[in-house]
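# Coordinate analysis (summary)
So you can see what is in the structure, the chains are spelled out below.
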Amino acid sequence: MKIVVTGGAGFIGSNVVRALAAVPEVDEIVILDDLSTGSLDNIRELPARLLTGTILDGALLDEAFAGAASVVHLAAIPSVPRSIHDPYRSHQANATGTLLVLEAVRRHGVPQVVLASSSSVYGGNLALPKRETLRAMPLSPYAVSKLATEAYAIAYASCFGLSVLPFRFFNVFGPGQAANHAYAAVVPAFVSAALDGRPLRVFGDGRQTRDFTFVGSVASVIVDAVRRRVSAPDAVNLAFGTRTSLGVLVGELEAVLGRRLEVTYEAARPGDARDSQADCTVLRSLFPGVRPYPLRAGLEVTVAWM
Ligand code: NAD
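Residues numbered from 1 in each chain as written. Predicted model: local features only at pLDDT ≥ 70, side-chain atom pairs only at ≥ 80, totals over all residues. Heavy atoms only, no water.

### Brief notes about the nonpolar core
- Formed by 39 residues in total, the largest nonpolar core has its most connected members in Ile-12, Leu-20, Leu-165, Phe-167, Phe-169, Leu-283 and Phe-287.
- Elements represented by at least two residues in this core include exactly β1 (2–6), α1 (11–21), β2 (28–33), β5 (113–118), β6 (164–169), α8 (215–228) and β11 (236–238).
- Per-element accounting of this core gives the leading share, 8 residues, to α8.
- Apart from the residues lying within four places of it in its own chain, the contact partners of Phe-167 are Val-114, Leu-115, Ala-116, Ser-117, Ser-118, Val-221, Ile-222, Val-236, Leu-238, Leu-283 and Phe-287. (Core = buried A, V, L, I, M, F, W, Y, C linked by side-chain atoms within 4.5 Å. Buried < 20%, exposed > 50% of the residue type's maximum accessible area, 1.4 Å probe, protein only. Helix = DSSP H or I, 4+ residues; strand = E, 2+ residues; numbered from the N terminus. Contact = heavy atoms within 4.5 Å.)

### Structural notes on a nonpolar patch on the surface
- A cluster of nonpolar side chains, contributed by Leu-195, Trp-305 and Met-306, occupies part of the molecular surface with about 270 Å² of accessible area.
- For Met-306, a relative accessible area of 33% puts it in the partly exposed group. (Patch = residues over 30% accessible without salt bridge, like charges linked within 9 Å, V, L, I, M, F, W, Y side chains within 5 Å. Areas by Shrake-Rupley, 256 points an atom, 1.4 Å probe, with all protein chains shown as cover. Salt bridge = Lys/Arg side-chain N within 4 Å of Asp/Glu carboxyl O.)

### A look at the side chain of Ser-90
- The residue Ser-90 is located in helix α5 (residues 87–108) in this model.
- Once you skip the residues sitting within four places of it in the chain, Ser-90 turns out to touch Ile-77, Arg-82, Ser-83, Ala-95 and Ser-145.

### A short note on the site of the ligand
- Residues in close proximity to the ligand total 27 residues, the closest being Phe-11, Ile-12, Asp-33, Thr-37 and Tyr-142.
- In the model, an oxygen atom of the ligand is placed 2.7 Å from a nitrogen or oxygen of the Tyr-142 side chain.
- Surface burial for the ligand is 92%, taken as the share of its 830 Å² of free accessible area covered by protein chains.
- Of all the secondary-structure elements, those providing two or more residues to the shell around the ligand are α1, β5, α6 (141–160) and β7 (171–173).
- Here the shell around the ligand is composed, by residue class, of 14 nonpolar, 10 polar and 3 charged. (Near = heavy atom within 4 Å. Polar contact = N/O pair within 3.5 Å; in protein donor to acceptor, adjacent residues only side chain to side chain. Nonpolar A, V, L, I, M, F, W, Y, C, P; charged D, E, K, R; others polar.)

### Re the environment of Ser-36
- Mapped onto the elements, Ser-36 comes out in the loop between β2 and α2 (40–43).
- C-alpha separation for the pair Ser-36 and Gly-204, spaced 168 residues apart in sequence, amounts to 29 Å.
- Among the polar contacts made by the side chain of Ser-36, one reaches the side chain of Asp-34 at a distance of 2.7 Å.

### Some thoughts on the pairing of β6
- Burial within β6 is extensive, with 6 of its 6 residues counted as buried.
- Every second residue of β6 is oriented toward a common face, with Val-164, Pro-166 and Arg-168 on one face and Leu-165, Phe-167 and Phe-169 on the other, all of them buried.
- Two strands pair when backbone bridges link them, and β5 and β6 are joined in this way by 6 bridges, in the parallel orientation. Counted as the bridge partner of Ser-117 is Arg-168 from β6.
- A crossover links β5 with its parallel partner β6, the connecting element being α6, and its sense is right-handed.
- As defined by bridge partners, β6 adjoins β11 across 3 bridges and the pair is classed as parallel. (Pairing = 2+ DSSP bridges. Right-handed = clockwise from strand over helix to strand, strands pointing away.)

### Describing the sheet that holds β11
- Overall, parallel pairing links the 7 strands, which are arranged β3-β2-β1-β4-β5-β6-β11 in an open sheet. Strands with a single pairing partner mark the edges of an open sheet, and in this sheet they are β3 (49–52) and β11. Going across the sheet, the axis of each strand differs from the next one's by a mean of 25°, ignoring polarity.
- Inspection of the sheet shows β1 paired to β2 by 5 bridges, in the parallel sense. (Axes fitted to C-alpha atoms, helices over the stretch in contact; angles between N-to-C directions.)

### Let's talk about the pairing of β1
- Along β1, 5 of the 5 residues are buried, which leaves the element largely enclosed by surrounding structure.
- Residues Lys-2, Val-4 and Thr-6 line one face of β1 and the alternating positions Ile-3 and Val-5 line the opposite face, and both faces are buried.
- After leaving β1, the chain enters α1 and then returns to the sheet as β2, a path that is right-handed.
- Here 4 bridges tie β1 to strand β4 (residues 70–73), and the two strands are oriented parallel to one another. Note that in β4 the partner of Thr-6 across the bridge is His-73.

### So, the packing of aromatic side chains
- Summed over all chains, the structure comprises 6 aromatic pairs.
- Ring plane angle 40° and centroid distance 6.3 Å describe the contact between Tyr-122 and Phe-170, whose orientation is recorded as tilted. A residue pair is termed long-range when its members are at least 10 positions apart, and Tyr-122 in the loop between β5 and α6 and Phe-170 in the loop between β6 and β7 qualify at 48 residues. Like Phe-170, Tyr-122 is buried.
- Seen from their ring centres, Phe-167 and Phe-169 are 6.4 Å apart, and the 25° between their planes marks the pair as stacked. (Phe/Tyr/Trp six-rings, centres within 6.5 Å; stacked < 30°, edge-to-face > 60°.)

### Side note on the pattern of salt bridges
- All told, the structure shown has 15 salt bridges when counted by the stated rule.
- Note that Glu-103 is salt-bridged to Arg-106, the shortest N-O span being 3.3 Å. Of this pair, Glu-103 and Arg-106 both sit in helix α5, 3 residues apart, which is roughly one turn of that helix.
- Exposure remark for Glu-103: the relative accessible area of 23% places this residue in the partly exposed category.
- You can call Arg-106 partly exposed: its relative accessible area is 37%.
- Between Glu-254 and Arg-260 there is a salt bridge, with its nearest N and O atoms 3.3 Å apart.
- Overall, Arg-260 belongs to the exposed group, its relative accessible area being 72%.
- Three or more residues joined by partner-sharing salt bridges are found here, namely Asp-205, Arg-207 and Arg-274.

Shown next, in the form of structure tokens:
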């Protein structure tokens, strides 16, 4: 099986490539990545061929997708604040990029495409837990672009018979996640501050909650999806129904590091949802064998990696 991972030099992508490399039926892995937020360091040791360039380049998509058994489409500009800073660029990479990926999947008759959407599509819908049937209420250009990602996939399944599996990732964390930039996600930002002896910056009162998901759990679900060629008629939450406040996250990190950490509080950021927790009924029905990593164990691995 030849598998293509767009965004494979990124955080989630490189973990997926590593997990795919251990699958006996997978004999070729191609990464298509423009290295805008991904890095060569993430994939240096991995047995994959890198095509450097953008998913907006149809010829490069053709080169990557010919003969593929599955495309795992993760390439995107993956940040709410970045999309507020430059909405059009996020739209191009995330929405237009997905459209071009689906067109190339169609041209090459690729039998399956797995795609990354985001819990941010629930946005202003405050109901908990987040069931896939809830009305999407995106609060940022990023969330709109991710809603477009999954909607295009579902439309292509309906119009052209593509076999698609759009996942809504929640807050994924783990090794490979960049901490050293202004748009860093909360777990790498906290771990890096803690290890450097800086205060942990909380935007808001710290009582906001997230369904943190260790990247190893995400990678094993995606690998299982590729092996069994799983598809779904609608987007599927990929998280396990835990609800952790940032205050509790700080406590977990203190337990892992064995010391107290200093925290500062700043104004909440626009576009950020207050609470998040997945309903994972659909995920469990599609992937009954999956065993998620607990938060503490995932933090230990992340701290050791950093
Ligand atoms: P990441 O920034 O580490 O990975 C994204 C990768 O895509 C990078 O390697 C980047 O260089 C590449 N890329 C960006 N634009 C590209 C383009 N035009 N052409 C080719 N490559 C391009 O981020 P990540 O956290 O690994 O995110 C992976 C996917 O998961 C994204 O689609 C993101 O929206 C989605 N997602 C992530 C989370 C999370 O918690 N990390 C949550 C929800 C959804």
